[in-house]
Amino acid sequence: MTTSTTLYAIPFACSMAPHIALREAAVPHDVSWVARGSLAMADGRKYRDVNPKGKVSALRLPDGSIVTENIAVLLAIGDLAPDAGLSSPAGSERRLRLYEWLSFISTELHKQALWAHFDPDVPQAMKTHVAEYVLPKVLPHPEAALQHRRFLIGDDFSLADAYLFWTLVLLPQLGVSLEDYPALLAFRDSVKDRPSVAQTLDLERSGLLASSAFGSAGNTQ
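Calculation notes
Residues numbered from 1 in each chain as written. Predicted model: local features only at pLDDT ≥ 70, side-chain atom pairs only at ≥ 80, totals over all residues. Heavy atoms only, no water. Helix = DSSP H or I, 4+ residues; strand = E, 2+ residues; numbered from the N terminus. Buried < 20%, exposed > 50% of the residue type's maximum accessible area, 1.4 Å probe, protein only. Core = buried A, V, L, I, M, F, W, Y, C linked by side-chain atoms within 4.5 Å. Contact = heavy atoms within 4.5 Å. Salt bridge = Lys/Arg side-chain N within 4 Å of Asp/Glu carboxyl O. Pairing = 2+ DSSP bridges. Expected span 1.5 Å × (residues − 1). Arc of directions from axis to C-beta. Polar contact = N/O pair within 3.5 Å; in protein donor to acceptor, adjacent residues only side chain to side chain.

Undergrad: How would you explain the environment of proline 120 if you had to name every residue and give the values?
TA: Mapped onto the secondary structure, proline 120 falls in the loop between α3 (93-118) and α4 (124-138). Look at proline 120 and you get exposed, because its relative accessible area is 72%. In this structure, the C-alpha to C-alpha distance between proline 120 and serine 15, residues 105 residues apart in sequence, is 19 Å.

What follows is the structure, given as structure tokens:
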């Protein structure tokens, strides 16, 4: 039985959200970087040995069990450190709003927009459609929410804010200017200055260099 929490992550992939959450909640943890493409890990194993689906993120809990799927991983982190305030008790109004925003970010931003843009097998016409027609219908919703409060669910940073921040870091790569969404831009810049987030971004940059090195050492999926 292991005694530590381990996050399996690809640098700057959606696993950045749970990475932020772990640091925000001060949960003792290790990060095992996974190389994009090859899914190699520094210890020589393949990530599919951990998660056969081959998708990040995955979280090894202190009892040795593995949680996969980003929303489930985020909620598990919230439950590991309930006093951190990233989540709320089951049945509470704030917990329902958390589910609501996590689902929205996952389906409307992550899988509908960012996945389509970064998947090399998606035709360019579809990527253009996402940037020009899909996102202008999606982004006004978090933009409107953040015009009236600091974070998606009120005055306190939550798991949903960590997930939204990750999407906003990548959106400019789709050719989407956040200047058109001033509340989202202010949110991104404010969250970026949180100590936990600044530390995470530095570690993700280091992880990118490290995973590029062992991922290119003759490994294939």
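Undergrad: For the nonpolar core, give the residues involved together with the corresponding values.
TA: Counting 77 residues, the largest nonpolar core has Tyr47, Leu135, Leu152 and Leu164 as its most contacted members. Excluding anything up to four places from it in sequence, tyrosine 47 contacts Tyr8, Val34, Leu39, Met41, Gly54, Lys55, Val56, Ser57 and Ala58.

Undergrad: Kindly report on the pattern of salt bridges, identifying the contributing residues and their values.
TA: Considering all chains together, one arrives at 9 salt bridges under this definition. Arginine 194 is paired through a salt bridge with glutamate 24; the nearest N and O atoms lie 2.4 Å apart. Of this pair, arginine 194 sits in the loop between α7 (182-192) and α8 (195-215) while glutamate 24 sits in helix α1 (residues 16-24), and the two are 170 residues apart along the sequence. Measuring nitrogen to oxygen at the nearest pair gives 2.8 Å for the salt bridge that ties arginine 45 to aspartate 43. One continuous salt-bridge network, built from bridges that share partners, spans Glu93, Arg97 and Glu100.

Undergrad: Please set out the pairing of strand β1 (residues 5-9) residue by residue, giving values where relevant.
TA: Counting buried positions along β1 yields 5 of 5 residues, so the element is predominantly enclosed. Burial of β1 is two-sided: the residues Thr5, Leu7 and Ala9 facing one way and the residues Thr6 and Tyr8 facing the other way are all buried. Of the pairings in the sheet, the one linking β1 to strand β2 (residues 29-33) comprises 5 bridges and is parallel in character. Counted as the bridge partner of leucine 7 is valine 31 from β2.

Undergrad: Explain the environment of arginine 48 residue by residue, including any values.
TA: Here arginine 48 lies in the loop between β2 and β3 (58-60). C-alpha of arginine 48 to C-alpha of histidine 129: the two residues are 81 residues apart in sequence and 32 Å apart in space.

Undergrad: Lay out α8 in plain terms, naming residues and giving numbers.
TA: Its 21 residues give α8 an end-to-end C-alpha distance of 29 Å, which sits within 8% of 30 Å, the value for a rise of 1.5 Å per residue. When we look at burial in α8, the residues that qualify are Ser196, Val197, Thr200, Leu201, Glu204, Gly207, Ser211, Phe214 and Gly215. Along α8, the residues classed as buried sweep out an arc of 155 degrees about the axis, all on the same side. Away from its buried face, by an angle of more than 90 degrees, α8 presents the exposed residues Pro195, Leu209 and Ala213. In this structure, the buried side of α8 is in contact with α1, β2, α6 (159-170) and α7.

Undergrad: Could you give an account of the side chain of serine 87, naming the residues involved and the relevant values?
TA: Relative to the helices and strands, serine 87 is located in the loop between α2 (70-80) and α3. The class for serine 87 is buried, based on a relative accessible area of 10%. Of the polar contacts made by the side chain of serine 87, one reaches the side chain of arginine 95; its length is 2.7 Å. Residues in contact with serine 87, not counting those within four places in the same chain, are Gly78, Arg94, Arg95, Leu98 and Leu159.

Undergrad: Break down α6 for me, with residues and values.
TA: Relative to the 16 Å expected for 12 residues at 1.5 Å per residue, α6 spans 18 Å between its end C-alpha atoms, a close match to the ideal helical length. The element α6 is extensively covered by neighbouring structure, given that 11 of its 12 residues are classed as buried. Burial in α6 covers these residues: Leu159, Ala160, Asp161, Ala162, Tyr163, Leu164, Phe165, Trp166, Thr167, Leu168 and Leu170. If you follow the buried residues of α6, they end up packed against α1, α2, α3, α5 (140-146), α7 and α8. Looking at where α6 begins, the residue whose side-chain oxygen comes 3.2 Å from the main-chain nitrogen of alanine 160 is serine 158.

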